[in-house]
Amino acid sequence: MKILSIETSCDETAISLLEITGELNRPEIKVLANSLISQVPIHEKYGGVFPTLAKREHQKNLPILLEKTLEEAKESFESPDIDYIAVTTGPGLEPALWTGITFVEELSQRWGKPIVPVNHMEGHIYSVLYNLPENLRLELPALALLVSGGHTELVYIKDFGVYEILGRTLDDAAGEAFDKVARILGLSYPGGPKISELAEKSRQRKNELDFTLPRPMLHSKDLNFSFSGLKTAVLYKVRAEEVITEEYKEDMARAFEDAAVDVLVAKTRNALIGLSGEAQTLIVGGGVSANTQLSLQLRKLATEFPGLNAYFPNQLLTTDNAIMIGIASYIRVSRDPELLKRDIKLEADGNLELTS
Ligand code: KG4
Ligand code: ZN
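We now turn to the structure provided with this report. Values in this document were obtained by computation on a predicted structure and should not be read as measured data.

Okay, the sheet that holds strand β2 (residues 12–21) next. With respect to topology, 5 strands assemble into an open sheet ordered β3-β2-β1-β4-β5, the strand pairing being mixed. The sheet is open, and its two edges are formed by β3 (28–38) and β5 (115–119), each paired on a single side. Shown here is a sheet whose adjacent strand axes are inclined to one another by a mean of 20 degrees, direction ignored. Judged from the 6 bridges that link them, strand β1 (residues 2–7) and β2 form a sheet pairing that is antiparallel. Paired with Ile3 across the two strands is Leu18, which belongs to β2.

Now the structure itself:
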């Protein structure tokens with residue numbers, strides 16, 4: 001299948017042209033072209049993503065990226081050799097999602113090619129298919145921990161396209177908590193990587209921290225998360241401090257990262273125990289999957305379960321991108337080829353759920 005895929009759910013405008021063939025557990029994925037414009041520098045000063053600004057930027061960037069993608073793949077604009085166009089329809093910021101949808105509707109009309117709607121979270125799940133270790137397949141059922149700026153979910157993947165949400169955050173998403181704590185410490189958006197860097201400096205010093213932060217819901221019986229109390233605990237501690245030194249910031253970043261990672265790992269462990277060995281794979285997806293501490297601890301966790309493989313996305317595919325959207329569309333189309341013949345009314349859904 002040759003797929004033109006488009007992602008505009010948040011603050012990255014991304015287009016890729018892929019050729020995907022083969023079985024779903026280990027598809028052959030060729031990236032013929034891939035381009036992305038990040039709006040991070042634009043949203044940085046607002047400390048988060050500003051929806052109307054995101055929409056305006058997507059509208060401006062999409063035609064530029066399309067031209068670049070087609071040129072890179074040596075395809076003509078008049079009639080590119082593709083089977084269909086994939087687009088994210090949710091979850092995400094609705095004004096941003098609509099720009100992608102309107103754009104592909106025009107292309108679909110012009111080229112007479114079908115559109116395949118994609119759930120952004122399915123993109124994060126299947127992003128791991130891009131760089132599976134040699135000779136390994138994505139064996140299902142699997143448990144996915146999806147951790148991004150907008151979501152924190154534990155998803156049981158019974159089969160391709162068959163999902164059950166086992167737990168989710170009741171307030172802030174994990175990435176959002178990293179971003180908010182970064183802001184409290186005077187760091188710019190997105191804060192995840194910056195918090196991580198500071199925390200590492202503190203770890204290098206090997207000093208004992210003279211404070212700890214709460215681990216919200218660590219002992220709750222369910223698989224839900226809560227990060228807003230953790231963020232507030234950081235806020236109160238920082239406010240109570242008279243002088244904020246660089247060392248204090250580093251220690252606070254470490255205390256926060258340790259607390260967030262502890263909860264994510266503990267709940268993932270509980271989910272795996274609850275599945276009584278049924279999950280053959282642990283998938284970690286979303287921007288926060290790039291976090292070194294989290295991936296270290298989750299890889300360690302996987303060794304507690306015999307036969308369980310843990311897969312993470314390639315660094316390029318941790319944050320939002322169009323390659324993962326193309327891959328997720330391939331799964332959808334392979335399971336339901338009739339999808340390409342159906343006239344689907346596309347609609348942006350900011351809260352789109354992962355349903356079977
Ligand atoms: O998946 P993503 O690109 O966007 C959403 O779909 O939300 O995730 C972005 C989030 C941001 O909150 C960012 O701070 C976080 O991922 N992030 C990290 C790291 N890299 C990105 N959080 C912790 N550690 C990192 N290394
Ligand atoms: Zn995302």
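Formed by 51 residues in total, the largest nonpolar core has its most connected members in Ile195, Leu213, Phe256 and Leu298. Within the residue set of this core, elements represented by two or more residues are β6 (142–147), β7 (152–159), α5 (174–184), α6 (192–205), α7 (228–240), α8 (246–274), β9 (281–285) and α9 (292–302). Looking at this core, the element that brings in the most residues is α8, giving 13 residues. Not counting chain neighbours up to four residues away, the residues in contact with Leu298 comprise Leu145, Val265, Thr268, Leu282, Val284 and Phe312.

Let us now look at the packing of aromatic side chains. Taken as a whole and assessed by the stated rule, the structure comprises 5 aromatic pairs. With a centroid separation of 6.0 Å and 75 degrees between ring planes, the pair formed by Phe77 and Trp111 is classed as edge-to-face. Placement of the pair is Phe77 in the loop between α2 (51–72) and β4 (84–90) and Trp111 in helix α3 (residues 94–111), with a sequence separation of 34 residues. Exposure remark for Phe77: the relative accessible area of 35% places this residue in the partly exposed category. Ring geometry for Phe211 and Tyr248: centres 6.2 Å apart, planes at 35 degrees, overall tilted. With Phe211 in the loop between α6 and α7 and Tyr248 in helix α8, this residue pair connects regions lying 37 residues apart in the sequence. Overall, Phe211 belongs to the buried group, its relative accessible area being 13%.

With that settled, consider the coordination of the zinc ion (ligand 2). Here the zinc ion (ligand 2) is held by His120 (NE2), His124 (NE2) and Asp320 (OD), and the distances to it run 2.0 to 2.1 Å. Each donor residue of the zinc ion (ligand 2) lies on the same chain, and together they follow the pattern H-x3-H-x195-D. Linking His120 with His124, this pair stays in helix α4 (residues 120–126), spanning 4 residues, or about one helical turn. For His120, a relative accessible area of 5% corresponds to the buried category.

Moving on to the sheet that holds β7. Adjacent strands of a sheet form backbone hydrogen bonds with each other and so pair up, either parallel or antiparallel. Across the sheet, 5 strands lie side by side as β8-β7-β6-β9-β10; this open sheet has mixed pairing. What marks the edges here is a single partner per strand, and that holds for β8 (162–168) and β10 (309–311). The mean inter-strand angle of the sheet, taken between neighbouring strand axes irrespective of direction, is 20 degrees. α8 contacts β6, β7, β8 and β9 of the sheet and is inclined by roughly 160 degrees relative to β6.

This next bit is on the pairing of β1. Of all 6 residues that make up β1, 6 are buried, and the element is covered over most of its length. Burial along β1 is two-sided: Lys2, Leu4 and Ile6 facing one way and Ile3, Ser5 and Glu7 facing the other are all buried. In this antiparallel pair of consecutive strands, β1 and β2, the connection spans 4 residues. Relative to β4, β1 runs parallel, the two sharing 4 bridges. In the sheet register, Ile3 faces β4, and the bridge partner there is Tyr84.

Ligand 1 sits among 19 residues. The nearest are Gly149, Asp179, Gly192, Gly287 and Asn291. Between ligand 1 and Asp179, the relevant distance is 2.6 Å, taken from an oxygen atom to a side-chain nitrogen or oxygen of the residue. Counting only elements with at least two residues in the shell around ligand 1, the list comes to α4, α5 and α6. For the shell around ligand 1, the element with the most residues is α5, which contributes 3 residues. When grouped by side-chain class, the residues that make up the shell around ligand 1 number 5 nonpolar, 12 polar and 2 charged.

So, how was this worked out
Residues numbered from 1 in each chain as written. Chains lettered and ligands numbered in written order. Predicted model: local features only at pLDDT ≥ 70, side-chain atom pairs only at ≥ 80, totals over all residues. Heavy atoms only, no water. Pairing = 2+ DSSP bridges. Helix = DSSP H or I, 4+ residues; strand = E, 2+ residues; numbered from the N terminus. Axes fitted to C-alpha atoms, helices over the stretch in contact; angles between N-to-C directions. Core = buried A, V, L, I, M, F, W, Y, C linked by side-chain atoms within 4.5 Å. Buried < 20%, exposed > 50% of the residue type's maximum accessible area, 1.4 Å probe, protein only. Contact = heavy atoms within 4.5 Å. Phe/Tyr/Trp six-rings, centres within 6.5 Å; stacked < 30°, edge-to-face > 60°. Donors = N, O, S within 2.8 Å, 3.2 Å for Na, K, Ca; no water. Near = heavy atom within 4 Å. Polar contact = N/O pair within 3.5 Å; in protein donor to acceptor, adjacent residues only side chain to side chain. Nonpolar A, V, L, I, M, F, W, Y, C, P; charged D, E, K, R; others polar.

Scope: geometric values only; no functional claims are made or implied.
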